[in-house]
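Below are the chains, spelled out letter by letter.
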Amino acid sequence: MSNHAAVLGISGKVTDDQGQNLPGVNVVIKGTSQGTTTDVDGKYSLNAPDGNGTLVFSYIGFTTEEVPINNRATIDVSLMPDIQSLSEVVVVGYGTQRKTDVTGSLASISVKEFEAQPVTRVDQILQGRATGVQVTNASGAPGGGVRIRVRGANSIFGDNNPLYVVDGYVGADFTTINPNDIESIQVLKDASSTAIYGSRGANGVVIITTKRGAKGGIKVNYNRQVSTSNVIGLYNTLSAGDFAQVVNERAAATGTSQVFTQNQVDEFRRTGGTDWQDEIFRTALGQEHQLGVSGGNEKTTFLISGNYLNQEGIIQNTDYQRYSIRSNIASQVSEKFSLRLNVTGSRLINHNTGILTGTSNPVVQALAWSPTTPVKDATGGYTMNDPLGSVGTNPVALINDRQIDQERSLGNIVGGARYEFIKGLALDVQLAVNYLNQQDKTFNGNFVSRNNPSAYRASTEQITLQSTNALSYKRTFNEVHTIDAVGVFETQQFTSNSFNATGNTLKDASLGYYNIGLAGSYAIGSGYSKWTLLSYLGRVNYSFKDKYLISGTLRRDGSSKFQKSNRYSVFPSIAVGWRVSEEPFLKNLNVFNNFKIRGSWGLTGSQAINSYATQSTYNTSPLVAFNNTGASSGIMLGNPGNPKLKWETTEQFNIGAEMEFLKGRITLEGDYFVKNTTDLLLNQPLPGYVGGGNIAQNLGEIQNKGWEFSLGATVLEVGDFNWTSAFNISNVKNTVVSIGGIADKLFTNTNVGAGMSTQSEYVYAPGQALGAYWGLKYLGTWKPGQADEASRYGEKTGDSRYQDLNDDGAINTQDFQIIGSGIPRTSAGWNNTFTYKGLTLNIFFQGIFGVDKLNYTRAAAIAGSADARQPILEDIKNRYIPGVNETSDIPAFSITNRVYTQSTRFMEKGDFVRLKNISLSYNLPSSWIRNVGTIRVFVSGTNLITITKYKGIDPESSSVNGSDTALGIDYGAYPNSKIYTAGLNLTF
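The structure presented is a predicted model; accordingly, all values stated were derived computationally and were not measured.

Novice: In this structure, what is going on with the overall build of the protein? I would like to understand it.
Specialist: Secondary structure summary: the protein contains twelve helices and 51 strands in total. For 988 residues, the compact-globule formula gives about 30 Å, and the C-alpha radius of gyration of the protein, at 32 Å, lands near that figure. Classification of the 988 residues of the protein by burial places 52% in the buried group. Relative to all contacts within the protein whose residues are 6 or more apart in sequence, the contacts with residues 24 or more apart total 68%. With an accessible surface of roughly 42300 Å², the protein has 54% of that area assigned to carbon and sulfur atoms. Measuring between centres, the 83 positive side-chain charges of the protein sit 4 Å from its 82 negative side-chain charges.

Have a look at this one:
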């Protein structure tokens, strides 16, 4: 009875310094795990064991308050803004800085900017939110490929992806990171910011900081969401009856026999035939579970997080799964000594998400097979041959009789210790281990292989070791001079081992890829790779009166990829800043909270070669004849090595300004930059008398220049209603300056077109962008009155007309020219958040502009030539018909018509504006769960509206994504989907 009587019920209200209610404030009895959070009105209630304890009130962006209970039943608290939070401390390379002190160009994304949206990968966070960062979902498959570029592409043969740094580990794989674990993201863009990463900073750096536990009891969070997905659009195809009618009309126009009788046409109109798009696409389901436990005391904090994601793809028999677990522990052992340990594990499983290109692609075949042909034959097996349409494989069989699986298991451990010798002087030592085991498995069954089943297995193991030792010093002298310096010694070692086996003519196809040994023939292979990097680096930041800022960095990298004469390189940078808002003539106006002008210059590098690129290679597969005894396998010299290879180097200039008005209600930021990358690695052809082949040389130069602008505002704040908005736009012009005099232009062929391309689809030449399309200019059809001119080319009115560049009366390779660019020029994003009490509405738009796409999917489906044989799209009804429709630019059915798919006829604008996400959430009254936590429910829609002139399914997806010299062809690309999500979030 006495214990029960001692319990004290406490309630109250928490507000900010302006008297506004603060929902979600943590209220904990000090020294215990007992606590609650405030509701939407800022109210709370809890029971204390007695009246002698202390309540701890904590909230992000505000100072933590400790209030003695003193036997009071009502305790109201007003929290004051945290000055450090308002100054916004951001993570930069090997340290942190106040945002106002940063002299480089960076983009920051906090968890608040994406927590209202159901993101499942890091690229979804970056897309449209980070100025200067261009994110393109080349594949709409779950876990599919994505292209991320920071201020353009710098290299032709090298990797143009940014460098990812997660909790200090350099070179992380962003696809393995659970977005629920992320606290903040900083994108370093200019050379002043990235030069500290030296040889790996040329493509920009994405620094990800994961969440930590907080002092004051245990906090448990559970999040559950489910989703459904549908294809974002479909092609308008002919019904079976219309298809049969069009086939007959084509036969009549070309002088061949009718294929269908009128009774058959009528019967197809009645039954409807086969809708092949409907056969391969589906409504896909998805689910995600997230459980987190965090907390701590005065000495130690912890966070444990587990996540499971399962997403079906909108194409049948495709799916993706991700399992992840994380543990972050930090301990302040003493006033000067602290320890930390982050352990992460994840497993990613892709099933059939990497669909093949060309005629082996189910989307391509779904738009080539006749709607008059059934999916299965009379025996119940897949129909093997289409008598009229495609010469390829049944698209449903392609989906179900093939397996392309990838399983990745990853582990990452980052441990560190920090000791502060004297105030401001500290040594930080960090060790990291990253492990990857990857299993690739492929199987082609009897149907897709035409009764010659095959299988492939590959196993890869990669281990990366990293050691980082940083000595930092920060001190302010006489209250006007501030020095912040860091010196680092870092090493990294990467090792990869692989083994693979291929088996053909499997004796038992039912075993799939699990018993390649039972194959009629097989081949095996193995690989090994190793590189090391040794780095010394330093940075000094100096500030005078918080007005005049200067920063300098220097990094010296040594890489085992290069030979001794070029193994080391130095990457310097310098930046200056002027906080004009701190000058008396501007400060007294009380207009700006912050107005800063900054400029920077620096050099960064790229190791755009593999581990042994400086070594000569051997060709082990040639067949040669000795003494007229027949062909024998041998070994001959391949491409010669070049011991003089060196780093690709990027020089960047940047000038920018930052403004903040009305106590932070409006923020503006703008940048202009010029990046010049020299010593590009290119393959120079060698003459036959020295053995032929190619030799890698440092020859070329590329320039990226552009501007960036962002605007953020608290648009409206009336009572409990709040509207915040953030808009950003970036423009980058990519230009090839030089290709070293190797040739006037160099070509790249993707082989995606599967015979539809008569020339290489891409060219890079001085004055042009990377990814420039090479093709013919389509002038429409020959119209009445142009018959004589058409006859000069052996054609007639209604046939395709192309530009004859040299006017020689023939359309051939001499008439090919640059017809577009696959690299987007401009990207933009607009994010809006509306809150009213417990309701939050988020609306996010994203756009890409200035990009061309070569729509091979549409070309194959309407041309009725090559492997497709018959047109399948509704648009064919609007073709040129003599005497009926003589204005159409869709060619007539004609035996003299020539179709060149590699032309501007199928070149389309890939620009689009998309309602990327709209989310509505509601925080239920905490009284529903007795004030022990919060409940949030939400619904969301992704990719609901797309505004575009592109005639394909999805303007964003692409069949090629590996290189910036080849982008934008759509030949059955896996489209993005409309996603509808509902979820529940519980916090205790």
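Moving on from the model shown.
Novice: For this particular structure, what's the right way to read the UniProt feature "domain: TonB-dependent receptor plug" (unreviewed entry) in the protein?
Specialist: Per the UniProt record, "domain: TonB-dependent receptor plug" (unreviewed entry) is found at residues 99-205. With 8% helix and 25% strand, the stretch residues 99-205 has end C-alpha atoms that lie 17 Å from each other.

Novice: Any chance you could explain the nonpolar core here in plain terms?
Specialist: If you look at soluble globular proteins, the nonpolar side chains tend to sit buried side by side. By size, the foremost hydrophobic cluster in this structure holds 55 residues, and its most contacted members are F260, F281, I315, Y773, I876, I969 and Y971. Breaking this core down by element, the ones donating at least two residues are α5 (240-254), α6 (262-271), α7 (276-280), α8 (362-366), α9 (395-400) and α12 (856-863).

Novice: Whenever I open this one, the sheet that holds strand β38 (residues 746-748) confuses me. Can you help?
Specialist: Pairing between sheet strands relies on hydrogen bonds along the backbone, with the strands arranged either parallel or antiparallel. The strand order β38-β39-β40-β43 describes an open sheet built from four strands, whose pairing is antiparallel. Two strands lie at the open edges of the sheet, namely β38 and β43 (817-821), each paired on one side alone. Here the strands of the sheet are splayed against their neighbours by 45° on average, with no regard to which way each runs. With four bridges connecting them, strand β40 (residues 772-775) and β43 associate as antiparallel partners. Paired with Y773 across the bridge in β43 is G820.

Novice: Whenever I open this one, the domain arrangement of the protein confuses me. Can you help?
Specialist: When the parts of a complex come together, some accessible area is lost, and that lost area is often taken as the interface size. The domain architecture assigned to the protein consists of domain 1 (7-78) and domain 2 (89-218). Across the boundary between the two partners, domain 1 contributes four residues, which contact four residues of domain 2. Buried surface at the junction of domain 1 and domain 2, both sides included, amounts to about 280 Å², of which 61% is carbon and sulfur. The interface formed by domain 1 and domain 2 contains zero salt bridges.

Novice: Honestly, the packing of aromatic side chains in this entry has me stumped. Any pointers?
Specialist: The relation between two aromatic rings is expressed through the spacing of the ring centres and the mutual angle of the planes. For the coordinates displayed, the defined rule picks out 25 aromatic pairs. Between F562 and W647, the aromatic rings sit 4.8 Å apart at their centres with planes inclined by 35°, giving tilted as the arrangement. Of this pair, F562 sits in the loop between β27 (548-559) and β28 (568-579) while W647 sits in the loop between β33 (636-637) and β34 (648-661), and the two are 85 residues apart along the sequence. For F562, a relative accessible area of 1% translates into the label buried. The buried category is assigned to W647, whose relative accessible area is 4%. In textbook terms, an aromatic cluster arises when at least three aromatic residues are bridged by ring pairs, as seen for F337, Y419 and F421. Positioned above the aromatic ring of Y382 is the side chain of K376, whose terminal nitrogen or guanidinium carbon lies 5.4 Å from the ring centre. Its end group placed over the ring of W531, K561 keeps NZ or CZ at 5.4 Å from the ring centre.

Novice: Explain unusual backbone geometry to me, please; I cannot follow it from the model alone.
Specialist: Backbone phi values are negative for most residues with the exception of glycine, while trans is the configuration of most peptide bonds. Positive phi outside glycine occurs at N352, with the angle close to 60°. Mapped onto the fold, N352 is located in the loop between β21 (337-351) and α8. Of note in the backbone geometry, N590 takes a positive phi value of approximately 55° without being a glycine. As for its position among the elements, N590 is in the loop between α10 (584-587) and β29 (592-606).

Novice: How should the pattern of salt bridges be read in this particular structure?
Specialist: A pair can form between side chains of opposite charge whenever their charged atoms are brought close. Throughout the structure, instances matching the rule amount to 42 salt bridges. A salt bridge links D671 to R598, with the shortest nitrogen-to-oxygen separation between them at 2.7 Å. Of this pair, D671 sits in strand β35 (residues 666-685) while R598 is found in strand β29, placing the two residues 73 residues apart along the sequence. Beyond isolated ion pairs, a larger network of salt bridges with shared partners links K99, K596, R598, E658, E669 and D671.

Conventions used here
Residues numbered from 1 in each chain as written. Predicted model: local features only at pLDDT ≥ 70, side-chain atom pairs only at ≥ 80, totals over all residues. Heavy atoms only, no water. Helix = DSSP H or I, 4+ residues; strand = E, 2+ residues; numbered from the N terminus. Rg over C-alpha atoms; globule rule 2.2 N^0.38 Å. Buried < 20%, exposed > 50% of the residue type's maximum accessible area, 1.4 Å probe, protein only. Contact = heavy atoms within 4.5 Å. Areas by Shrake-Rupley, 256 points an atom, 1.4 Å probe, with all protein chains shown as cover. Lys, Arg positive; Asp, Glu negative; His and termini not counted. Charge placed at Lys NZ, Arg CZ, Asp CG, Glu CD. UniProt positions renumbered as here; feature names shortened; annotations may be inferred. Core = buried A, V, L, I, M, F, W, Y, C linked by side-chain atoms within 4.5 Å. Pairing = 2+ DSSP bridges. Axes fitted to C-alpha atoms, helices over the stretch in contact; angles between N-to-C directions. Domains from an automatic or database assignment. Buried area = accessible area lost by both parts, 1.4 Å probe. Salt bridge = Lys/Arg side-chain N within 4 Å of Asp/Glu carboxyl O. Phe/Tyr/Trp six-rings, centres within 6.5 Å; stacked < 30°, edge-to-face > 60°. Lys NZ or Arg CZ within 6 Å of the ring centre and 35° of its normal.

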